[in-house]
Amino acid sequence: MESRNNINGALPLTSLNHISVLCQSVEKSLDFYQNVLGFYPIRRPGSLNFDGAWLFNYGIGIHLLKSHDQENLPKKREINPKDNHISFQCESMFLVEKRLKELEIPYVKCRVEEGGVFVDQLFFHDPDGFMIEICNCDNIPVVPLVIGEPVPMVCKRATFTKTQQQQQPASYDFLPKPVHVAEEPQIHCA
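Residues numbered from 1 in each chain as written. Predicted model: local features only at pLDDT ≥ 70, side-chain atom pairs only at ≥ 80, totals over all residues. Heavy atoms only, no water.

Naming follows an unreviewed UniProt entry, where the protein appears as VOC domain-containing protein of Rhynchospora tenuis.

Here it is, written out as structure tokens:
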């Protein structure tokens, strides 16, 4: 069966795999992505001969890359919701905002309305100024612009299982630790 993307000539993609983020300090960024956003460090291929770290959760990876040109890294500027960012869905905006306050992480709060449906958003920076958004975007349905065009409405979530992480054979040390992927029908993707 040919995928919907192939019909229109688009690349035959299946999902977002990872984003890469340049950082001044791999250690500071690792701490942020683990302890603020809940990512888990995973193994990177030993053939990568530069400083960095790989993390995984929520079905995507974050690859931290130590910048060798720190003078030209973008400087942290004001929190601008219209800037480049990655967005994460959450279950409780209240708890996210409470935790950001506890961690003393500056943020900007926004609200979007569409037809009486509201989406709340919190924007803040990682240690190097990369913008993060936390939202409840699944409040707004995914509606195709062309009538009759199908839109994928279900996404896969990957979760770690500690027992699977320890079962990986030593001969595959260059591979990321395994993850358990569970189908969860009716999860709206943003």
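Now, onward.
A. Structural view of the packing of aromatic side chains. This model, assessed by the stated rule, comprises six aromatic pairs. Taking 5.3 Å as the distance between ring centres and 85° as the angle between the ring planes, the aromatic pair formed by F39 and Y58 counts as edge-to-face. Taken together, the residues F39 in the loop between α2 (26-35) and β2 (40-42) and Y58 in the loop between β3 (52-57) and β4 (60-66) connect sequence positions 19 residues apart. With relative accessibility at 2%, the residue F39 sits in the buried group. Classification of Y58 as partly exposed rests on a relative accessible area of 44%. Taken together, F32, Y33, F39, Y58, F88 and F124 form an aromatic cluster joined through their ring pairs. Residue placement shows R44 over the ring face of F50; its charged tip is 5.0 Å from the ring centre. (Phe/Tyr/Trp six-rings, centres within 6.5 Å; stacked < 30°, edge-to-face > 60°. Helix = DSSP H or I, 4+ residues; strand = E, 2+ residues; numbered from the N terminus. Buried < 20%, exposed > 50% of the residue type's maximum accessible area, 1.4 Å probe, protein only. Lys NZ or Arg CZ within 6 Å of the ring centre and 35° of its normal.)

B. Geometry of the nonpolar core. Y33, L37, L64, I132 and I134 are the most contacted members of the largest nonpolar core, which totals 25 residues. Contributions of two or more residues to this core are made by β1 (18-23), α2, β3, β4, β5 (85-89), α3 (93-102), β7 (117-125) and β8 (131-135). It is α2 that provides the largest number of residues to this core, a total of four residues. Not counting the four nearest positions on each side in its chain, Y33 is found in contact with V21, G38, F39, L55, I62, L64, D126, F130 and I132. (Core = buried A, V, L, I, M, F, W, Y, C linked by side-chain atoms within 4.5 Å. Contact = heavy atoms within 4.5 Å.)

C. View of the sheet that holds β1. Strand order in this open sheet of four strands is β1-β4-β3-β2, and the pairing throughout is mixed. Either end of the sheet is taken by a strand with one partner, and the two such strands are β1 and β2. Averaged over all adjacent pairs, the angle separating strand axes in this sheet is 30°, with direction ignored. Direction of pairing for β1 relative to β4: parallel, over a ladder of six bridges. By the bridge assignment, S20 is partnered in β4 with H63. (Pairing = 2+ DSSP bridges. Axes fitted to C-alpha atoms, helices over the stretch in contact; angles between N-to-C directions.)

D. Expanded view of unusual backbone geometry. Although it is not a glycine, Y58 adopts a positive phi angle of roughly 60°. Its identity is not glycine, yet E104 carries a phi of approximately 55°, on the positive side. Structurally, E104 can be placed in the loop between α3 and β6 (108-114). The exposed category is assigned to E104, whose relative accessible area is 71%.

E. α2, seen in detail. Inspection of α2 places V26, S29, L30, F32 and Y33 among the buried residues, and these make up the whole buried set. End-on view of α2: buried residues confined to an arc of 165°, all on one side of the axis. Relative to its buried face, α2 has exposed residues pointing more than 90 degrees away, namely E27, K28 and N35. Looking at the buried residues of α2, the elements they touch are β1, β2, β3, β4, β7 and β8. (Arc of directions from axis to C-beta.)

F. Layout of the state of the cysteines. Counted by the stated rule, this structure contains one disulfide. With a sulfur-sulfur separation of 2.4 Å, C135 is cross-linked through a disulfide to C137. Handedness here is read from the sign of the S-S torsion; for C135 and C137, about -130°, the answer is left-handed. Neither residue differs from the other here; C135 and C137 are each classed as buried. (Disulfide = S-S within 2.5 Å.)

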